[in-house]
Amino acid sequence: MFYRKYVFGEFEEGQSGEIRTVEERQCGEEIHVRSDDLYRPDKGYGFVIEKNRREQERLRLPELNSAFDTVYWYQNEELSHVEEDGGGCFLDSDKAVAALEEAAGAKFQGEHRRIPLSFKLDVPRQGNYRVTVKIRTQESMEDVLIFTGRRRLGYRGTVRASVGPAEDFVYMMTVNVCDIIPRGLTEAYTDKSLDITVLAEKPRLSEIVVEESDCPTLFIAGDSTVTDQSADYPYAPGTSYSGWGQMISGYLNGKTAVSNHAHSGLTTASFREEGHYGIVEKYIRPGDYLFIQFAHNDQKLEALKAEEGYKSNLLRYISECRDRGVYPVLVTPIARNTWKGNDGSYNDLLEEYAQTCIRVGEQENVPVLDLHRRSMDFIVKTGLEGSKAYFFPGDYTHSNDYGAYFMAGLVAEEAAAVLGARKEPEYRFLAEQVTDGFGAWHPAERILPLEKPAIYVNVSSPEETEALSDVDKLSEPADRASALDMVIKTARFFPTNVYNDMFSDVVGHEWYAGTVECAYQNGMIDPGLVEDGKFFPLRPVTLEEFLVFAVNGYKSRRKLPDMNGDTDNSIYVYDEKCRTFTKPYVRAACALRLIAADGSERPDRVITRGEAVAICRKLGI
């Protein structure tokens, strides 16, 4: 059985008992880690900071790392300055954030933000590991967060000052290491590494002990509301996307590990078709559990109606679990913060799927955790405005860290009650592992996305660094989704990786879903472009439609020219050629000199990618 101890910081002779020399420590079961030890695959352990993340491709994939990365405009900065003393390795998060604020000329608005201390180590094989973290500190650490693996919650609370070794903070967690298909990729990546991340004013690590464990595993299948979401730093919980699946580990006592294979945009069908279920099948063992929550994306596809494809797929998963000796658990879909505009009542968009899930559970004698009802009751009681604190800003489907932790608590309560009432000892065993978590985690009063400081105005996002066009595709017709993508990059909008289901023909796992979401949130999509709730993202874009996107993008960054002073009526030259709703945009485009002022253009014609790029360059934003 694998066992390894990592001791951090300055090391005095005799400090660790029997093993004396550095050479002996590095070659045996105990490894001494200094502040300048950065992770490399050939080394097998070390800190992950901005430098080695830039140098190693695998460290830039959230699913193969701690799932923390700098917000894009700090991508070339060195934010993590690891130091050491006799008590371990640490970094001064508050000092680093203060330096960023000083350089920006203003304090960050909203929540207090922090820099994570992340350590990565290799293990011999996939499976479950018991991880014991020790922290020795002379100053109490408040609001401490410890995440493991792909940003799964391990601990939240206070670390008290330790006068002597007997008073060191010691906490044990059970962590699953498993292969994964990273977001946007199609092949499974082998993963035999484990990440531990600490967040605090001065996050610190004194010792980590890793031991192989033969405990059961709770596998999770689901969509973006369940998945292990990554987070930017300087970190704040209110502006970090999070799925309840990455927080449920905070409500288990360490005798069961969590292996979360949920992904954004997945359905009961695509979870299987895209290979995620294949990984579960490879590693799941008799006696393990599979929690299943889908519906948010199923409801957008004709073939996955609640009582048809959705139900059929649930039945198949249940049957296959039982054939393997695995214990299935159905979870009804988490509710959205959606309300009706006409009377202000709650708008339940997932009731049909929740009811189907419940009926399947009754039919197959499978336990059902009714997260839909529990989460909806909470949202209705809290109200539209109050519930916003539990969702990512501007989002009504996807929770932030506060919301995911709260929703995971509802899942845990349901599991304790429902599984505890079952006759199968395996279900009752899991119910007995449920704890109260780490107490209430109340959202901050002000939750505001981090704004890019003016000094970084010329720093492009990863999406922006891609050329606005591919030379070989300049002559091809541009579609609506690509057109939106061009304007979004030109206007430097904050990128969005999730989708909120506002159009029935835009499915969350498609490449353009985040683009449409970003455009929608930034007011780029005029209602005139929507027909029967559909946006038609791959429809070729006409000149007048592209001008709608371009002008909306422009006015979000700069003030439109005053068109009341147009004495020669030149801005109206296209009025007879445009659809009514596009006229204000085309007039503004004339004033901005985005199109010919002599009326020679045909607003209704499809434009090429090259023409769209040329208009973006004229925007000057």
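Peer 1: I'm lost on the environment of Ala-519 in this one. Help?
Peer 2: In this fold, Ala-519 is placed in helix H13 (residues 513–521). Considered as a pair, Ala-519 and Ser-230 are 289 residues apart in the sequence and their alpha carbons are 21 Å apart. Not counting residues up to four positions away in its chain, the partners in contact with Ala-519 are Leu-484, Ile-488, Met-524 and Ile-525.

Peer 1: So what exactly am I meant to see when it comes to helix H7 (residues 351–364) here?
Peer 2: One turn of an α-helix holds 3.6 residues; hence residues three or four places apart share an orientation. With 14 residues, H7 extends 20 Å from end C-alpha to end C-alpha; this agrees with the ideal 20 Å at 1.5 Å per step. Three or more residues of H7 are buried, namely Tyr-353, Ala-354, Thr-356, Cys-357, Ile-358, Val-360 and Gly-361. In this fold, the buried residues of H7 make contact with helix H6 (306–324), strand S19 (327–331), strand S20 (368–369) and helix H8 (371–387). Backbone geometry just after H7 places Asn-365 at a positive phi near 55 degrees.

Peer 1: Help me understand empty space enclosed by the protein in this model?
Peer 2: Rolling a probe over the atoms, with the probe sized like a water molecule, indicates the empty space that remains. Scanning the model with the defined rule gives four cavities of 30 Å³ or more in all. Reported here for the largest cavity is a volume of approximately 120 Å³. Forming the boundary of the largest cavity are 14 residues, of which Glu-63, Thr-227, Asp-228, Ala-262 and His-263 lie nearest the centre. Of the residues in the lining of the largest cavity, the class split is four nonpolar, six polar and four charged.

Peer 1: Explain the packing of aromatic side chains to me, please; I cannot follow it from the model alone.
Peer 2: Given two aromatic rings, one states the distance between the centres and the angle between the planes to describe the pair. Per the stated rule, a full pass over the model turns up 33 aromatic pairs. An angle of 10 degrees between the planes, with centres 3.8 Å apart, marks the rings of Tyr-241 and Phe-392 as stacked. One end of the pair, Tyr-241, is in the loop between strand S16 (231–233) and strand S17 (257–260); the other, Phe-392, is in the loop between H8 and helix H9 (401–420), with 151 residues separating them in the sequence. Taken individually, Tyr-241 and Phe-392 each receive the classification buried, so the pair is uniform in this respect. Three or more aromatic residues link up through ring pairs in this structure, and these residues are Tyr-6, Phe-8, Tyr-45, Phe-47 and Phe-119. Taking NZ or CZ as reference, Arg-151 lies 5.3 Å from the ring centre of Phe-147, over its face. We note Arg-539 situated over the ring of Phe-536; from NZ or CZ to the ring centre the distance is 4.0 Å.

Conventions used here
Residues numbered from 1 in each chain as written. Predicted model: local features only at pLDDT ≥ 70, side-chain atom pairs only at ≥ 80, totals over all residues. Heavy atoms only, no water. Helix = DSSP H or I, 4+ residues; strand = E, 2+ residues; numbered from the N terminus. Contact = heavy atoms within 4.5 Å. Expected span 1.5 Å × (residues − 1). Buried < 20%, exposed > 50% of the residue type's maximum accessible area, 1.4 Å probe, protein only. 1 Å grid on protein atoms, 1.4 Å probe; cavity = no way out; pocket = protein on both sides within 12 Å on 5 of 7 lines; lining within 4 Å. Points joined across faces, edges and corners; volume = space filled by probe spheres on them. Nonpolar A, V, L, I, M, F, W, Y, C, P; charged D, E, K, R; others polar. Phe/Tyr/Trp six-rings, centres within 6.5 Å; stacked < 30°, edge-to-face > 60°. Lys NZ or Arg CZ within 6 Å of the ring centre and 35° of its normal.

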